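An overview of the molecular structure
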Amino acid sequence: MSDIGKSLIKDYTSGPVTRQLLAFAWPFMLSNLLQTAYNLVDMVVVGQFVGATGLSAVSIGTDLLHLYTFIAMGFCNAGQVIISQYVGLQDRDSVSKIVGAMFTFILSSSLVITALGLAGTNLWLRLLNVPPEALTYCRQYTVMCTAGLFFIFGYTMVSAMLRGMGDSKRPMLFIAIASVLNVILDLVLVGAGMGTLGAAIATVTAQGVSFIASVIYLWRRRATLGFDFQPRHLIPDRRNLLLLLKLGVPMTIQSCAISFSALFVSSRINAYGVTASAVTGVGSKLSTVASIVTIALSQAGATMVGQNFAARKFDRVQKTLADAILIGSLFAAVLSTVIIAWPEQVFSLFNSDPDVLAMSHAYVLIAVLNYFGWACRGPSTALCNGMGFPAMNFILGIFDGVVMRVGLCILLGDILGMGIRGYWLGGSAAGYAFFLVMLPYFLSGKWKKRAPPVSAAPQA
């Protein structure tokens, strides 16, 4: 590892685990805080300037865009795992090769998905039962954000590369740039009367600037990275491309299954009108606050698990996961206390419509379930992704999306007649699917017998 640039790649196979996890995770936490603020700003500004109709439009449009971005996240997370395991094996040449494969495959995919997404926008909006009064706003927001998927995919990709190398501070810087720019542009464009279209332009512009900044950073450190952006290095070698597909396809199926199921639930809720759609959208955004800590622990944990799993240091893997679930649970408890004590005050940050505030009380239990679901999900994802276990990712996606989310929503909302509360409960219960599968697997110790997927890769 001595010739691998210390400024880019860090080794987590030795040293105090808890201290390393916190030191590695806190920039992710700040990045996620900024990302959450970034996403919340659209909702807050649109909610205050446009009203519940705008909230409904942005909420539905965001749900659809999550489906597209989850495709990127599946392959980016796979790339992060591969990079972290190559670092654990101290294989610099393979790190640069997988970087090239990610650049070519993920950015090319973004262009294909953009074309398909734009062509299918009207069909999606019909399937999602967008309330008629929110349809125009929703179409504007969705089309503009879909057109900017290249930048969203690109930023997600570079951040995953840096995370895999053990660098959590630079992704924080790039999302900080995007967050500040998004706030400024939201206030200017939405405040000037552009509504949801202005919010979408702000989002795409901020993501574009962030992606360009991240690429410039990699370019300036190309010698350290061992990847010089020359065309010959952008042609993926067969072995690393197949490895990216082997891990990325199941991760993407997992993410898409979850996203499709969320869209299914959203379509049922949207049929109840703008107020129900707005409350659900605000509640969904509030649940992302819990992800500030748990996703950071999952991201940092996946890299630490990946390195230590490849190095066969299982005690460090176990310690990483134990710390992650403890910290995530404590944060969930704090958030639960806030939403239980002040539900209307929290929801009024987005919209002061009396109907929205009245329905906020019914969402309190759902919010608490969502917060602790995130706390359980983070360490489970870190173990599965850190090991690079494609079959388990596929199983988890189907169990979460089809069995739990869709199945429970139909059971509770339709068969048992609970309506919107049944859909809310079904979606919240699905948040525990990863934990219900991964905990018994972890306790069995069978994961220790798996070989790291990068072990078949050529060594430098």
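Report on the accompanying structure. This one's a predicted model, so the numbers in the text were calculated from it and none came from an experiment. (Residues numbered from 1 in each chain as written. Predicted model: local features only at pLDDT ≥ 70, side-chain atom pairs only at ≥ 80, totals over all residues. Heavy atoms only, no water.)

Description of the nonpolar core
The cut-off we apply is this: Residue types Ala, Val, Leu, Ile, Met, Phe, Trp, Tyr and Cys, when buried and joined through side-chain atoms within 4.5 Å, form a set referred to as a nonpolar core. Relative accessibility thresholds used throughout: buried, under 20% of the residue-type maximum; exposed, over 50%; partly exposed, between the two (1.4 Å probe, protein chains only). For this analysis, residues touch if any pair of their heavy atoms sits within 4.5 Å.
Judged by nonpolar contacts, the single largest core of 97 residues is most densely connected at Ile83, Met102, Phe103, Met157, Met161, Ile339 and Phe347. Residues contacting Phe347, with those up to four places away along its chain left out, are Val279, Val282, Gly283, Leu286, Ile339, Val356, Leu357, Ser360 and Tyr363. Counting 17 residues, the second largest nonpolar core, distinct from the first, contains Val305, Ala382, Met387 and Tyr441.

A few points about empty space enclosed by the protein
We apply this condition: Cavity and pocket criteria rest on a 1 Å grid covering protein atoms alone: a 1.4 Å probe that fits but cannot get out defines a cavity, protein on both sides within 12 Å along at least 5 of 7 lines defines an open pocket, and an atom within 4 Å of a point defines a lining residue. Grid points are joined across faces, edges and corners, and a volume is the space filled by probe spheres set on the points. Helix and strand labels come from DSSP, where a helix needs a run of H or I of at least four residues and a strand needs a run of E of at least two; each type is numbered from the N terminus. We call Asp, Glu, Lys and Arg charged. Ala, Val, Leu, Ile, Met, Phe, Trp, Tyr, Cys and Pro are nonpolar, and the rest, Gly among them, are polar.
Counted by the stated rule, this structure contains two cavities of 30 Å³ or more. One number sums up the size of the second largest cavity: a volume of about 40 Å³. Taken together, Ser59, Thr62, Asp63, His66, Gly281, Ser284 and Lys285 make up the full set of residues lining the second largest cavity. Elements supplying a minimum of two residues to the lining of the second largest cavity: helix 2 (52–88) and helix 11 (274–310). Considering every element that reaches the lining of the second largest cavity, the biggest residue donor is helix 2, with four residues. For the lining of the second largest cavity, the residue count by class is no nonpolar, five polar and two charged.

Here's the deal with the packing of aromatic side chains
Keep this limit in mind: By convention, a stacked pair of Phe, Tyr or Trp rings (six-membered ring in the case of Trp) has centres within 6.5 Å and planes under 30 degrees apart, an edge-to-face pair has planes over 60 apart, and any other such pair is tilted. Should the NZ of a Lys or the CZ of an Arg lie within 6 Å of a ring centre and within 35 degrees of the ring normal, that charge is described as sitting over the ring.
In the structure shown here, the tally under the stated rule is 12 aromatic pairs. Pairing Phe75 with Phe105 gives two aromatic rings, centres 4.8 Å apart and planes at 65°, and the pair type is edge-to-face. Linking Phe75 in helix 2 with Phe105 in helix 3 (residues 92–119), this pair joins segments that are 30 residues apart in sequence. Classification of Phe105 as partly exposed rests on a relative accessible area of 22%. For the ring pair Tyr272 and Tyr423, a centre distance of 6.4 Å and an interplane angle of 70° mean the geometry is edge-to-face. On the criterion of sequence distance, the pair formed by Tyr272 in the loop between helix 10 (238–270) and helix 11 and Tyr423 in helix 17 (residues 420–430) is long-range, its members being 151 residues apart. On the basis of relative accessibility, which here comes to 5%, the residue Tyr423 falls in the buried class. A connected cluster of aromatic rings, assembled from ring pairs, spans Phe309, Phe314, Phe442 and Trp447. Over the ring of Phe309 we find Arg312; its NZ or CZ atom is 4.9 Å from the centre of that ring. Directly above the aromatic system of Phe434 lies the positively charged group of Arg377, at a separation of 4.1 Å from the ring centroid.

Re helix 12 (residues 314–341)
Count 3.6 residues to each turn of an α-helix, and residues three or four apart come out pointing the same way. Under the convention used in this document: Take the residue count of a helix, subtract one, and multiply by 1.5 Å to get its expected span.
End to end, helix 12 covers 42 Å across 28 residues, agreeing with the expected 40 Å (1.5 Å per residue, within 8%). All of the buried residues along helix 12 are Phe314, Arg316, Val317, Thr320, Leu321, Asp323, Ala324, Gly328, Ala332, Leu335, Ser336 and Ile339.

Focus on unusual backbone geometry
One non-glycine residue, Asn129, lies in the positive phi region at around 55°. Topologically, Asn129 is positioned in the loop between helix 4 (121–127) and helix 5 (135–147). For Asn129, a relative accessible area of 37% gives the class partly exposed.

Let's talk about the packing of helix 2 against helix 3
For the record, the criterion: All axes are obtained by fitting lines to C-alpha atoms, using only the stretch in contact for helices, and the reported angles, taken between N-to-C directions, cover 0 to 180 degrees. Any angle between 65 and 115 degrees counts as roughly perpendicular, while under 35 counts as roughly parallel, over 145 as roughly antiparallel, and the rest as oblique.
Between helix 2 and helix 3, whose axes approach to 10 Å, the crossing angle comes to 175°. Compared by their axis directions, helix 2 and helix 3 come out roughly antiparallel. Along the contact surface, helix 2 presents Tyr68, Ile71, Phe75, Cys76, Gly79, Ile82, Ile83, Tyr86 and Val87, while helix 3 presents Ser94, Val95, Ile98, Val99, Met102, Phe105, Ile106, Ile113 and Gly117. Of the residues contributing to the contact of helix 2 with helix 3, the split by class is 15 nonpolar, three polar and no charged.

Side note on helix 2
Rules: A residue's bend is simply the angle between two axes: one fitted to the seven residues ending at it, one to the seven starting at it.
The axis of helix 2 is deflected most strongly, by about 30°, at Thr69. Most of helix 2 sits inside the fold, with 32 of its 37 residues counted as buried. A positive phi of about 60° marks Gln90, the residue just after helix 2.

Side note on the pattern of salt bridges
Heads up, the condition is: The salt bridge definition used is simple: a Lys or Arg side-chain nitrogen within 4 Å of an Asp or Glu carboxyl oxygen.
According to the stated counting rule, one finds four salt bridges in the structure shown. With a closest N to O distance of 3.3 Å, Lys319 and Asp323 form a salt bridge. Separated by four residues within a single helix, Lys319 and Asp323 lie in helix 12, roughly one turn from each other. Measuring nitrogen to oxygen at the nearest pair gives 2.8 Å for the salt bridge that ties Asp400 to Arg405. Taken individually, Asp400 and Arg405 each receive the classification buried, so the pair is uniform in this respect. Residues participating in the shared-partner salt-bridge network are Arg377, Asp400 and Arg405.

Regarding the side chain of Ser210
Within the secondary structure, Ser210 sits in helix 7 (residues 169–220). The class of Ser210 is buried, set by a relative accessible area of 0%. If we ignore the near neighbours within four places in the chain, the residues touching Ser210 are Tyr155, Phe174, Ile175 and Ala178.

Description of the environment of Leu111
By secondary structure assignment, the location of Leu111 is in helix 3. Using a relative accessible area of 52% as the deciding quantity, one classes Leu111 as exposed. Taking the C-alpha atoms as reference, Leu111 lies 34 Å from Ala276; in sequence the two are 165 residues apart.

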